Amino acid sequence: MATYIITGATGLIGGALVESLLAKSGNKLILPVRNVQKAERRFGQNRQIVYIGHDFLSGSQLDIQGNVDYIVHAACPTASKYMAESPVETIDTIVNGTRTMLQVARKSQVKGMVFLSSMEVYGTVQDDSPIDESVQGYVPLLNARSSYPVAKRLAETLCHSYTKEYSVPVCIARLTQTFGPGVDISHDMRVFAQFARCARDRQDIVLNTEGRTKRMYLHTADAVDAILLLLTKGVMGEAYNVANRDTYCSIREMAEFVKETFSPSISVVVRKNDRNFYLPEMMLPLSTEKIEHLGWTPKYGLRDMFEAVIKS
């Protein structure tokens, strides 16, 4: 078996990845987390796990002793409100954290590393043509909410630079919005969680925009499978879109789907809100041919994702 460093272990994707790796006896996991007690409550005292208290916002070095085979860097802010209200902290966490883990990867001479990026690096795209990894859309630089996509772009360039200059075997997973088991829809403020909460509580779904933005979605389990595949088969220095292309729909269409599938008695209503942490309208039909050529295929659809979070 192998030794893995997983950052963001108390988050959705990082946590699912930890649980998947723990299911295979013999793996050793090193988990740098801000709150060790929170991590211990989730994963327990386990001889396979070493917890390290670390805050990537600080920019401090991470001292790892012993052999490390693989790294998955998943630690990152996820709330749009936080990104808009704390843009400096958002940038510092993403950039400082990525640099820290790349330095660990270089020192440890790891076999593979995956940096979790985002579909937001594509910016605003107004075209329904498939978007491959070479596309670059518009991101407004003088906008606090852009702290997240701009920092992710810089982190991707940092990853590629460490590959070219130091031969660090890191590749980039550009994940679309991912959800599934483990999401606490009672407190999560992302759009899918709000829709699921409304369906569960039999309350109308309220859209704060016209809901014209179109994107794809991804089940947590499919994200884990993709990350593990990229650790061993991904080409270092390159990026891969990770999404379920069968889930491509607008926010309005997704709201109607949730209503019809899980709570037909409620309504979908629009009450526009001009708060500045909403992204511009965009279309993100990501091409997944590149990762599919490595042998990855998503197994779960939009209904599976919502069933998992509504019933959790």
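Residues numbered from 1 in each chain as written. Predicted model: local features only at pLDDT ≥ 70, side-chain atom pairs only at ≥ 80, totals over all residues. Heavy atoms only, no water.

Q: So what about the pairing of strand S10 (residues 239–242)? Which residues, and what values?
A: On S10, burial covers both faces: Ala239 and Asn241 on one face and Tyr240 and Val242 on the other are all buried. Pairing between strand S6 (residues 170–175) and S10: four bridges, direction parallel. Along S10, the bridge assignment pairs Leu175 with Val242. (Buried < 20%, exposed > 50% of the residue type's maximum accessible area, 1.4 Å probe, protein only. Helix = DSSP H or I, 4+ residues; strand = E, 2+ residues; numbered from the N terminus. Pairing = 2+ DSSP bridges.)

Q: Outline the pattern of salt bridges, listing residues and values.
A: Under the criterion given, the structure shown has 15 salt bridges. The closest approach of N and O atoms between Asp225 and Lys299, which form a salt bridge, is 3.1 Å. Of this pair, Asp225 sits in helix H7 (residues 220–233) while Lys299 sits in the loop between helix H9 (289–292) and helix H10 (302–310), and the two are 74 residues apart along the sequence. (Salt bridge = Lys/Arg side-chain N within 4 Å of Asp/Glu carboxyl O.)

Q: So what's going on with the nonpolar core? Residues and values would help.
A: Core analysis: the biggest nonpolar cluster contains 39 residues, and Leu31 and Leu116 have the highest contact counts within it. When residues of this core are assigned to their parent elements, the largest contribution, eight residues, is made by H7. Counting residues in each nonpolar core, the second largest holds 28 residues, with Leu62, Ile71, Met101 and Met113 among its members. (Core = buried A, V, L, I, M, F, W, Y, C linked by side-chain atoms within 4.5 Å.)

Q: Break down the packing of helix H4 (residues 87–108) against helix H5 (residues 147–166) for me, citing the residues and quoting the values.
A: Close contact between H4 and H5 brings their axes to 9 Å; oriented N to C, the two are set at 15°. With respect to each other, H4 and H5 are oriented roughly parallel. H4 and H5 meet at a crossing whose hand is right-handed. Touching Pro87, Thr90, Ile91, Ile94, Val95, Thr98, Arg99, Leu102, Gln103 and Arg106 of H4 are Ser147, Tyr148, Ala151, Lys152, Leu154, Ala155, Leu158, Cys159, Tyr162 and Tyr166, all from H5. Residues of the contact of H4 with H5, tallied by class, amount to 13 nonpolar, four polar and three charged. (Axes fitted to C-alpha atoms, helices over the stretch in contact; angles between N-to-C directions. Parallel < 35°, antiparallel > 145°, perpendicular 65-115°, else oblique. Left-handed = near helix turned anticlockwise from the far one by under 90°. Contact = heavy atoms within 4.5 Å. Nonpolar A, V, L, I, M, F, W, Y, C, P; charged D, E, K, R; others polar.)

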